[in-house]
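# Observations on chain architecture
Here's the letter readout for the chains.
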Amino acid sequence: METSTSSRSSIAITRDQLDLADSVHAFARRYLTADAIRATVGCIDSGDIEPLPTFWHELAAQGLLGLHVAEELGGSGAGLVEATVALEAMGRHLIPSGYAPTVLAAAVLDAAPGLARTELLPQMVSGAAPAAVALDRPLSGVTLHTGALSVTGESAVYGGAHATVVILPIDTETGVKWAAVDTESLTTHAALGIDLNRSTVILSAQQVVIPADRILDIDRKTVVSLASVIYGAEAVGVGAWCVDTATEYARIRVQFGKPIGQFQGVKHRCARAAVAVEQARAAVWDAARALDSDDETANYAATVAQLLAPDAAVSASRDAMQVLGGIGYTWEHDAHLHYRRAIALRGVLGRSRDIATSVAQYALNGSFRAVEPELPPEAEAYRHQVRAELAEIAGLGERDLLRRLGDNGWVMPFLDPPLGRGAGPVEQVVIAQEQERAGIVSPQLGLAAWLMPSVAVHGTEEQKHELVRPTLRSEILWCQLFSEPEAGSDLASLRTEAKKVHGGWIVNGQKVWTSLGFMAEWGVLLARTNPDVPKHQGISYFLVDMRTPGVKAKALREASGGTLFSEVFFDDVFVPDSGLVGEVDGGWEVARGTLGNERVALGKGMPTDATIEDLLDFVRRTSSTSAPLETVGRMVADAQTVALLQGRTLLKQLLGLDLGASASVAKLLGQQLGQQIADFCHAELGLAGVCDGTDKAARGWMEKTLSARPMTVYGGTTEVQLNVIGERILGLPRDSEPVR
């Protein structure tokens, strides 16, 4: 039931959590064999209720039922985050009835102080009392003079086949209440469910009396939030299995003489499925964190997870069946079992359109969550040092402040001294936090922000002193001379030539899409210095004074009417040997560092991008009653997960862990989001978006929707980013080289 890449990506983010994920995978491999899964399928398919898993007591003995429950009640006291790590791992293996429903029931009880909590939780955690939660419509209840409830009605309970206790919603004269009910007092019969590994049962009550001490002090929002995290984590596991299964098949299935994973249609389908699952993973992780800390935004975070996780599982399972082709639709293949689990989880957690609307409403009321990194204790000593040094310069005038920031290594603190401060990830976070606290705004270096690190690493001491240092003081404006008319995304196909002459190089060729090339004082140039070797090996990296004779920059007017880009012509331009960075023909390695810096920086957004704050302001101004809040909610969820993915990337850097897919996914989503926001708001303007007439805000959205078009082109097109995810993250085969 498992694919070979199962431990590569996980909700887990700390080393202990990663060890937990590995342990649960090992447990699942031991017990959830193909025969065990198919035995459950056979039972449910024949109309019977499947037995409790044979490894139920081993599951409890491993502590997997109570990872999130306090130690004094028999649990591990680890928290919901750890529980989601285990749930994701089990979700990959299609664990049947008992486990996830009991974990959810325990979470609900743990959040409801009272006698039922202390009485029932130890039994659930030990495995003595399998349990479940009904998320169906409430039963009817009448309050008796003793405070007990007399309950009548029926409810569908997903995974409730073996529950000895079920937590039910009950509609009373004072509102909906939740109660922990012994199932021996109820009538149970199996229903024909879509999930063939977990039964749904119908529980019926006829004037069943529920004691007052079994009525829980908890509201529906909290119950649904906990369900969204528990079942959301399981959905992430389902989606992850589907992504891994599809990509493994795409590597080995050969059609038209090559693996199907080499075809971009297949590769991009797998990559987009991975993006959706990674988004869901971040959302579930964050919701678990919020509930663990009892944060006031916990219900908002859980609603984002409720929206993204089941939909990601459904789309990933559909994509897996599509990639698998005919074999994916056979009874014998497990793909349909994961699809069934995915759509069952989606049904249990509610309609997507309603959930998306709730996300929008939360956001319009000011909800948003950021990831605050937890720094080690030793960071505080460094913080005091940084705070004291920054206090000395915080009051300087703008020019003097920029000089001191650049000279003292504050602008790019990750660089080695004297250009930087040799700061590691922890120190960089502290510096950023303290600069913000002191009200110090780092200089906006533009393209130099991702060009200078490469020069600082590979350049000469003269280049660092004469060019990098003044750039860090905001004294030099740079452009990037990479793309050409015949070499955009395929940058290594560039044709601009640099021929060796005495004392330097003569450059001829043309560059295009050069941001601010008509204003820049210096440029970083890639040119071919050896045409007789493979294309990546014959490129060199130069620093060019844009005032050199023979350099001609021409501004390009864009579709928006603005002029940011330019084309630059080189006509026998002399570049001295002192302009070469790194080795001759070694420019591609230098450029890869630059492109990596660019991908990270662009993923954070550009100042002209339409933001989620712009979207919410627009909706508030046009009134939330007229705007389609479902669409707004989906964009809010995307924006939230971009922030979460960036936060998870930072936390992984702080812990020295593999970054996985987080950074690449955040970059891709960030590119698309600005376009989506601009297009949505402009479309909502209707006739007002045709001209800047009576609506003063219309002009801004006219400009934003036009200027948003290249967002999925510059810095690596959407298609290139999907290739990166497909090839570098998922391991799909690279596109074949074209015949030349």
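These figures come from a predicted structure and were not determined experimentally.

## Quick word on the packing of helix H15 (residues 448-458) against helix H16 (residues 461-472)
- Remark: H15 packs on H16, axes separated minimally by 10 Å, with the N-to-C direction vectors making an angle of 155°. As summarised for this structure, H15 and H16 are arranged roughly antiparallel, according to the angle between their axes. As for the relative orientation of H15 and H16, their crossing is left-handed in sense. From H15, Ala 448, Met 452, Val 455 and Ala 456 reach across to H16, where they touch Gln 463, Lys 464, Val 468 and Thr 471.
- Of the residues contributing to the contact of H15 with H16, the split by class is five nonpolar, two polar and one charged.

## Considering the environment of Trp 56
- Turning to its location among the elements, Trp 56 is positioned in helix H3 (residues 56-61).
- Overall, the relative accessible area of 2% leaves Trp 56 in the buried class.
- Not counting chain neighbours up to four residues away, the residues in contact with Trp 56 comprise Leu 65, Gly 98, Tyr 99, Thr 102, Gly 127 and Pro 130.

## Regarding the UniProt feature "domain: Acyl-CoA oxidase/dehydrogenase middle" (unreviewed entry) in the protein
- Within this structure's numbering, the places UniProt gives as "domain: Acyl-CoA oxidase/dehydrogenase middle" (unreviewed entry) are residues 479-573.
- Secondary structure across residues 479-573 divides into 0% helix and 45% strand, with the first and last C-alpha atoms of the span separated by 17 Å.

## Details of the pairing of strand S7 (residues 200-210)
- Two strands pair when backbone bridges link them, and strand S3 (residues 149-158) and S7 are joined in this way by nine bridges, in the antiparallel orientation. Residue Ser 155 lies in a different strand from S7, and its bridge partner there is Leu 203.
- In terms of strand pairing, strand S6 (residues 187-190) meets S7 through four bridges, oriented antiparallel. Each residue of the ladder has a partner; that of His 189, found in S7, is Ile 202.

## What about the packing of aromatic side chains?
- Enumeration over the complete set of coordinates arrives at eleven aromatic pairs.
- With centroids separated by 6.3 Å and ring planes inclined at 85°, the aromatic side chains of Phe 256 and Phe 263 adopt a geometry described as edge-to-face.
- Given a relative accessible area of 78%, Phe 256 falls into the exposed group.
- When its relative accessible area of 29% is taken as the criterion, Phe 263 is described as partly exposed.
- Ring plane angle 85° and centroid distance 6.3 Å describe the contact between Trp 513 and Phe 565, whose orientation is recorded as edge-to-face. Residue Trp 513 is found in the loop between strand S13 (504-511) and strand S14 (522-528), and its partner Phe 565 is found in the loop between strand S16 (551-555) and strand S17 (566-576); the two are separated by 52 residues along the sequence.
- Owing to a relative accessible area of 53%, Trp 513 belongs among the exposed residues under this scheme.
- Using a relative accessible area of 11% as the deciding quantity, one classes Phe 565 as buried.
- Taken together through their ring pairs, the aromatic side chains of Phe 27, Tyr 31 and Phe 55 make up a single cluster.

## Examining the pattern of salt bridges
- All told, the structure shown has 39 salt bridges when counted by the stated rule.
- Measuring nitrogen to oxygen at the nearest pair gives 2.7 Å for the salt bridge that ties Glu 278 to Arg 281. Separated by three residues within a single helix, Glu 278 and Arg 281 lie in helix H8 (residues 264-292), roughly one turn from each other. Across the pair, Arg 281 and Glu 278 agree in class, each one buried.

## Remarks on unusual backbone geometry
- Between Pro 417 and the following residue, Pro 418, the backbone shows a cis peptide bond with an omega angle of 5°.
- Within the secondary structure, Pro 418 sits in the loop between helix H13 (398-407) and helix H14 (425-437).
- Positive phi outside glycine occurs at Leu 94, with the angle close to 55°.
- Here Leu 94 lies in the loop between helix H4 (80-92) and helix H5 (99-110).
- Despite not being glycine, Phe 256 shows a phi value in the positive range, around 55°.

## Digging into the side chain of Ser 155
- Position of Ser 155 among the secondary structure elements: in strand S3.
- The buried category is assigned to Ser 155, whose relative accessible area is 2%.

## A word on the packing of H8 against helix H20 (residues 662-685)
- Relative to each other, H8 and H20 sit at 100°, their axes nearing to 10 Å. Between H8 and H20, the interaxial angle falls into the category roughly perpendicular. In this structure, H8 contributes Arg 272, Val 275, Glu 278 and Gln 279 to the contact, and H20 contributes Ser 662, Val 665, Leu 668, Leu 669 and Gln 672.
- The residue makeup of the contact of H8 with H20, split by class, is four nonpolar, three polar and two charged.

## What to know about the UniProt feature "domain: Acyl-CoA dehydrogenase/oxidase N-terminal" (unreviewed entry) in the protein
- When the UniProt feature table is mapped to this numbering, "domain: Acyl-CoA dehydrogenase/oxidase N-terminal" (unreviewed entry) covers residues 14-127 and 396-473.
- The distance from the first to the last C-alpha atom of residues 14-127 is 28 Å, and the span holds 63% helix and 0% strand.
- Secondary structure over residues 396-473 splits into 59% helix and 0% strand, and the C-alpha atoms at its two ends are 14 Å apart.

## Focus on the domain arrangement of the protein
- Looking at the protein, the domain boundaries give domain 1 (15-218), domain 2 (221-350), domain 3 (472-591) and domain 4 (605-709).
- Look at where the C-alpha atoms of domain 3 and domain 4 centre, and you get two points 33 Å apart.

## Brief notes about the environment of Pro 130
- By secondary structure assignment, the location of Pro 130 is in the loop between helix H6 (115-126) and strand S1 (131-133).
- For Pro 130, a relative accessible area of 6% translates into the label buried.
- Along the chain, Pro 130 and Gly 422 lie 292 residues apart, while their C-alpha atoms are 54 Å from each other.

## Focus on the nonpolar core
- Judged by nonpolar contacts, the single largest core of 204 residues is most densely connected at Leu 59, Met 90, Tyr 99, Trp 478 and Tyr 541.
- Leave out the neighbours within four places in its chain, and Met 90 touches Val 24, Phe 27, Ala 28, Leu 32, Leu 59, Leu 64, Ile 95 and Tyr 99.
- Counting 19 residues, the second-largest nonpolar core is a separate cluster that includes Leu 168, Ala 179, Leu 186 and Ala 205.

How each quantity is defined
- Residues numbered from 1 in each chain as written.
- Predicted model: local features only at pLDDT ≥ 70, side-chain atom pairs only at ≥ 80, totals over all residues.
- Heavy atoms only, no water.
- Axes fitted to C-alpha atoms, helices over the stretch in contact; angles between N-to-C directions.
- Helix = DSSP H or I, 4+ residues; strand = E, 2+ residues; numbered from the N terminus.
- Parallel < 35°, antiparallel > 145°, perpendicular 65-115°, else oblique.
- Left-handed = near helix turned anticlockwise from the far one by under 90°.
- Contact = heavy atoms within 4.5 Å.
- Nonpolar A, V, L, I, M, F, W, Y, C, P; charged D, E, K, R; others polar.
- Buried < 20%, exposed > 50% of the residue type's maximum accessible area, 1.4 Å probe, protein only.
- UniProt positions renumbered as here; feature names shortened; annotations may be inferred.
- Pairing = 2+ DSSP bridges.
- Phe/Tyr/Trp six-rings, centres within 6.5 Å; stacked < 30°, edge-to-face > 60°.
- Salt bridge = Lys/Arg side-chain N within 4 Å of Asp/Glu carboxyl O.
- Domains from an automatic or database assignment.
- Core = buried A, V, L, I, M, F, W, Y, C linked by side-chain atoms within 4.5 Å.

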